[in-house]
Amino acid sequence: MGQVATNFAYLATIVAFILALKFLSHPSTARRGNWIGAVGMVIAIAVTFAQKSVVSYWEIIVGMAVGGSFGAVAARRVKMTAMPQMVALFNGVGGGAAALIALAEFHNIAPAPGRLHGDISVSIILSALIGSISFAGSLVAFAKLQELIQGRPIVYPGQQIVNGLLLAAIVAAGIAIVAGSEKQWLIWALILGSLLFGVLFVLPIGGADMPVVISLLNAFTGIAAAATGFELENNVLIVSGMLVGASGTLLTILMGRAMNRSIANVLFGAFGQVAPSAAAAAAGTNGGAVRAATADDVAVMLAYAHKVVFVPGYGMAVAQAQHDVRQLAELLEARGVEVSYAIHPVAGRMPGHMNVLLAEANVPYPQLKEMDDANNEFPRTDVALVIGANDVTNPDARNNQGSPIYGMPILNVDEAQSVVVLKRSMSPGFAGIENPLFVNPKTVMLFGDAKDSIEQLIAGVKAQ
Amino acid sequence: MSHALTLSFEVTILVLAIFLGFELISRVPTLLHTPLMSGTNAIHGIVIVGAMLVVGLGHKDTLTTVVGLIAVVLASANVVGGFVVTDRMLEMFKKREPPSAERAAQDGAAADGDASKREAPPTQ
């Protein structure tokens, strides 16, 4: 296949990806969008097989069989609740691939001094550096969400100085390569340093901020892919990679904005640093007492309410309680109770996490209220039923300037007549900070697994 | 084509792609943020093309073969896993005609994803 034909075929892929992103923006066309993207990818792979320079097929076929079957099995088997870490994992391997391509390219074209164009060496360094950071950072994000390592920020004195020095060393290695030193060990050092930096950079970020980090690393991988496009003089890589780089960056900014924090604050704020002292103070939970209720008490409150707002969070996702929640909602509606769901943009572990789960449970879209609408409704709500949500309901975000989440927009559930919090225990949320909502006199706690508790509530409401 | 000329075209399309990327997703409702992230995640699996170009070369040494092969494995996992996970998420948005059609229409109207214009629920 000639270069011109190849480029036109790659253009078809680019158009497919653009349409995919466009269709992914609407609920009614989103699934089709994903398929169009997949078709674009198949075209790109077929065209690449037909390229003149590609003559050795077995490595490609073996590699695709191994990687593709791993991806398919992992993606099929994963539970809906584990989707965020799956996205992190697949993002990471993409970044790893970009870094390896850079390594191979440098190895192949560097031996003769001066053969490397300046822009090619810059691209190689960028894809090695960004790809490695994305790979290592995504694996740490995966490990945090999978709870292989603790989700709370891991901080130590001088952390930012260590990270800064490491980054400076990596950049120095990169500059040495661009300046003409084409020694092989430099690229290895650059990749190893970037991997280490990726780990160190995500470790101090708390679990509550993981969605923003995954989104950022997703954009990183896109940029790394675009850089490999410059190395290989390949348009489809440049355009597709940069589309992801740009849209991922915008998505990251939007998510940061939803939390009323700058991206820099998310990345370098070492969220939860004040948590140990706050947690100590909150052992007595600021003098207030926690009221525990039985499922029957709560069932009565719900059955005789005029308006109930469900506030789902990660606890609902973990317990897989979304179907039971919908069932409870329908039961209440049948009794004439007005029911809606208040969705915080960053409830759960990913933006839109709650929407996905509730859609799975066939909850009608119009009942899902975004934050501003929901906050208008709380003052006339009889019962706000918080199902495993914590940080997104924490009134400290409004009232306590010392709180690490001060300024984050929250769901004002404490404006409802009464609040019921379903929670496994009194342990703090993922951000590692205490929640004064739990000791509010309006609040009662219903301890237990969210699914069990909801099932008991269903039984309780039926008995009324 | 000279190298500098090629580079100038490449930079041009790069810059256009940046603007297009921003433009395409500025209208996405929060509802679709997770699937969108997952979908773009699948799209950057395009690095598989780069991996294929590296490992598909006729004359290459062991290091290139091994590194390229691993790159193909990783990129394939990204592509297949990315599209399958996205499809599984979107499977849940299957048609519930009246609400979803209205919702889509409104999302088109409310350009910056502002939720304030959404109608009250049909209950009561």
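Cut-offs used in this document
Residues numbered from 1 in each chain as written. Chains lettered and ligands numbered in written order. Predicted model: local features only at pLDDT ≥ 70, side-chain atom pairs only at ≥ 80, totals over all residues. Helix = DSSP H or I, 4+ residues; strand = E, 2+ residues; numbered from the N terminus. Buried ≥ 20, exposed ≤ 12 C-beta atoms within 10 Å, placed from the backbone. Contact = placed C-beta atoms within 7 Å. Rg over C-alpha atoms; globule rule 2.2 N^0.38 Å. Domains from an automatic or database assignment. Expected span 1.5 Å × (residues − 1). Pairing = 2+ DSSP bridges. pLDDT = per-residue confidence, 0-100. Axes fitted to C-alpha atoms, helices over the stretch in contact; angles between N-to-C directions. Parallel < 35°, antiparallel > 145°, perpendicular 65-115°, else oblique. Left-handed = near helix turned anticlockwise from the far one by under 90°. Right-handed = clockwise from strand over helix to strand, strands pointing away. Nonpolar A, V, L, I, M, F, W, Y, C, P; charged D, E, K, R; others polar.

1. A closer look at the overall build of chain B
Consideration 1: Each helix and strand in chain B was counted, giving five helices and zero strands.
Consideration 2: Split into buried and exposed, the 124 residues of chain B put 49% on the buried side.
Consideration 3: Long-range pairs, those at least 24 residues apart, make up 65% of the contacts in chain B with a sequence separation of at least 6.

2. Overview of the overall build of chain A
Consideration 1: Helix and strand counts for chain A come out as 18 helices and six strands.
Consideration 2: Here the C-alpha atoms of chain A give a radius of gyration of 25 Å, agreeing with the 23 Å that 2.2 N^0.38 yields for 464 residues.
Consideration 3: Projected onto the principal axes, the alpha-carbon positions of chain A cover approximately 80 × 50 × 35 Å.
Consideration 4: In chain A, which comprises 464 residues, the proportion classed as buried is 57%.
Consideration 5: For chain A, long-range pairs separated by at least 24 residues make up 79% of all intrachain contacts whose partners lie at least 6 apart in sequence.

3. Structural notes on the domain arrangement of chain A
How big an interface is tends to be reported as the loss of accessible area on association of its parts.
Consideration 1: Annotation of chain A at the domain level lists domain 1 (95-268) and domain 2 (280-462).
Consideration 2: Computed from C-alpha atoms alone, the centre-to-centre distance between domain 1 of chain A and domain 2 of chain A is 38 Å.

4. Digging into the interface of chain A and chain B
Consideration 1: Of the residues lining the interface, 102 residues belong to chain A; the matching set on chain B comes to 88 residues.
Consideration 2: The dominant element in the side of chain A that touches chain B, judged by the number of residues it contributes, is helix α4 (residues 83-109) of chain A, at 17 residues.

5. Some words on helix α18 (residues 450-462) of chain A
Residue and element names in this part refer to chain A.
Consideration 1: End to end, α18 covers 18 Å across 13 residues, agreeing with the expected 18 Å (1.5 Å per residue, within 8%).
Consideration 2: All buried positions along α18 are accounted for by Ala-450, Lys-451, Ser-453, Ile-454, Leu-457, Gly-460 and Val-461.
Consideration 3: Looking at the packing, one finds that the buried side of α18 touches α12 (295-303), α13 (314-319), α14 (322-334), β4 (383-387), β5 (418-423) and β6 (443-447).

6. Examining the environment of A:Asn91
Consideration 1: Following the sequence through the fold, A:Asn91 ends up in helix α4.
Consideration 2: Here A:Asn91 falls in the buried class, since 37 other C-beta atoms lie within 10 Å of it.
Consideration 3: A:Asn91 sits 272 residues away from A:Val363 along the chain, and the two C-alpha atoms are 30 Å apart.
Consideration 4: If we ignore the near neighbours within four places in the chain, the residues touching A:Asn91 are A:Ser134, A:Ser138, A:Ile214, A:Leu217, A:Asn218, A:Thr221 and B:Asn41.

7. Points about the pairing of β5(A)
Working note: regular strand, side chains alternate between the two faces of the sheet.
Residue and element names in this part refer to chain A.
Consideration 1: In terms of burial, β5 is largely enclosed, as five of its six residues are buried.
Consideration 2: Where β5 meets β6, five bridges bridge the pair, whose relative direction is parallel. Looking at β6, one finds that Val-419 is bridged to Thr-443.

8. Considerations on the confidence of the model for chain A
Consideration 1: Looking at chain A, pLDDT values average 86 and 92% of them are 70 or higher.
Consideration 2: Contacts of residues 271-287 of chain A to residues separated by more than four positions or lying in other chains number 32 contacts, the stretch itself having pLDDT below 50.

9. Things to note about helix α5 (residues 118-145) of chain A
Because the α-helix completes a turn every 3.6 residues, residues three or four places apart line up on one side.
All names here are of chain A.
Consideration 1: The first and last C-alpha atoms of α5 sit 40 Å apart over 28 residues, in line with the 40 Å expected at 1.5 Å per residue.
Consideration 2: With 24 of 28 residues buried, α5 lies mostly within the body of the structure.
Consideration 3: Backbone geometry just downstream of α5 places Glu-147 in the positive-phi region, at approximately 60°.

10. Observations regarding the sheet that holds strand β1 (residues 307-312) of chain A
Residues and elements named next belong to chain A.
Consideration 1: Taken together, six strands build an open sheet; the order of strands is β3-β2-β1-β4-β5-β6 and the sheet is parallel. Looking at which strands have only one partner, the edges of the open sheet turn out to be β3 (368-370) and β6. On average, each strand axis in the sheet is inclined to that of its neighbour by 25°, with strand direction left out of account.
Consideration 2: Where β1 meets strand β2 (residues 338-343), four bridges bridge the pair, whose relative direction is parallel. By the bridge assignment, Lys-307 is partnered in β2 with Glu-338.
Consideration 3: Sheet contacts for helix α15 (residues 353-360): β1, β2 and β3; angle to β2, the most-contacted strand, approximately 140°.

11. Observations concerning the confidence of the model for chain B
Consideration 1: Averaged over all residues, the pLDDT of chain B is 78; the fraction at 70 or higher stands at 70%.
Consideration 2: Overall, residues 95-124 of chain B carries pLDDT values under 50, and its contacts beyond four positions in sequence, including any with other chains, amount to 37 contacts.

12. A short note on unusual backbone geometry
Residue and element names in this part refer to chain A.
Consideration 1: One non-glycine residue, Glu-233, lies in positive phi territory at about 50°.
Consideration 2: Considering the arrangement of structural elements, one finds Glu-233 in the loop between α8 (210-232) and α9 (235-258).
Consideration 3: Its identity as a non-glycine residue notwithstanding, Asn-362 has a phi of 65°, on the positive side.
Consideration 4: Summarising the element assignment, Asn-362 is placed in the loop between α15 and β3.

13. Here we look at the packing of α4(A) against helix α3 (residues 47-55) of chain B
Consideration 1: One way to put it is that α4(A) packs onto α3(B) with a least axis distance of 9 Å and a crossing angle of 30°. Compared by their axis directions, α4(A) and α3(B) come out roughly parallel. The handedness of the crossing between α4(A) and α3(B) is left-handed. Along its contact with α4(A), which presents A:Gly94, A:Ala97, A:Ala98, A:Ile101, A:Ala104 and A:Glu105, the element α3(B) presents B:Val47, B:Gly50, B:Ala51 and B:Val54.

14. Quick notes on the pairing of β2(A)
Consideration 1: By the criterion of burial, β2(A) is predominantly enclosed, with five of the six residues buried.
Consideration 2: Note that the unit made of β2(A), α15(A) and β3(A) has a crossover that is right-handed.

15. Remarks on the environment of A:Ala299
Residues and elements named next belong to chain A.
Consideration 1: In this structure, Ala-299 sits in helix α12.
Consideration 2: Sequence-wise, Ala-299 and Gln-456 are 157 residues apart; in three dimensions their C-alpha atoms are separated by 8.3 Å.
Consideration 3: Leaving out residues up to four positions away in the same chain, Ala-299 has contacts with Leu-457, Gly-460, Val-461 and Gln-464.

16. Focus on the packing of helix α2 (residues 33-43) of chain B against helix α4 (residues 62-91) of chain B
Residues and elements named next belong to chain B.
Consideration 1: For the pair α2 and α4, the least separation of the axes is 8 Å and the interaxial angle reads 160°. Relative to α4, the element α2 is oriented roughly antiparallel. The handedness of the crossing between α2 and α4 is left-handed. Counting all contacts with α2, which are made through Thr-34, Pro-35, Ser-38, Gly-39, Asn-41 and Ala-42, the residues of α4 involved are Val-79, Gly-82, Phe-83, Val-85, Thr-86, Met-89 and Leu-90.
Consideration 2: Taken together, the residues of the contact of α2 with α4 break down into seven nonpolar, six polar and no charged.

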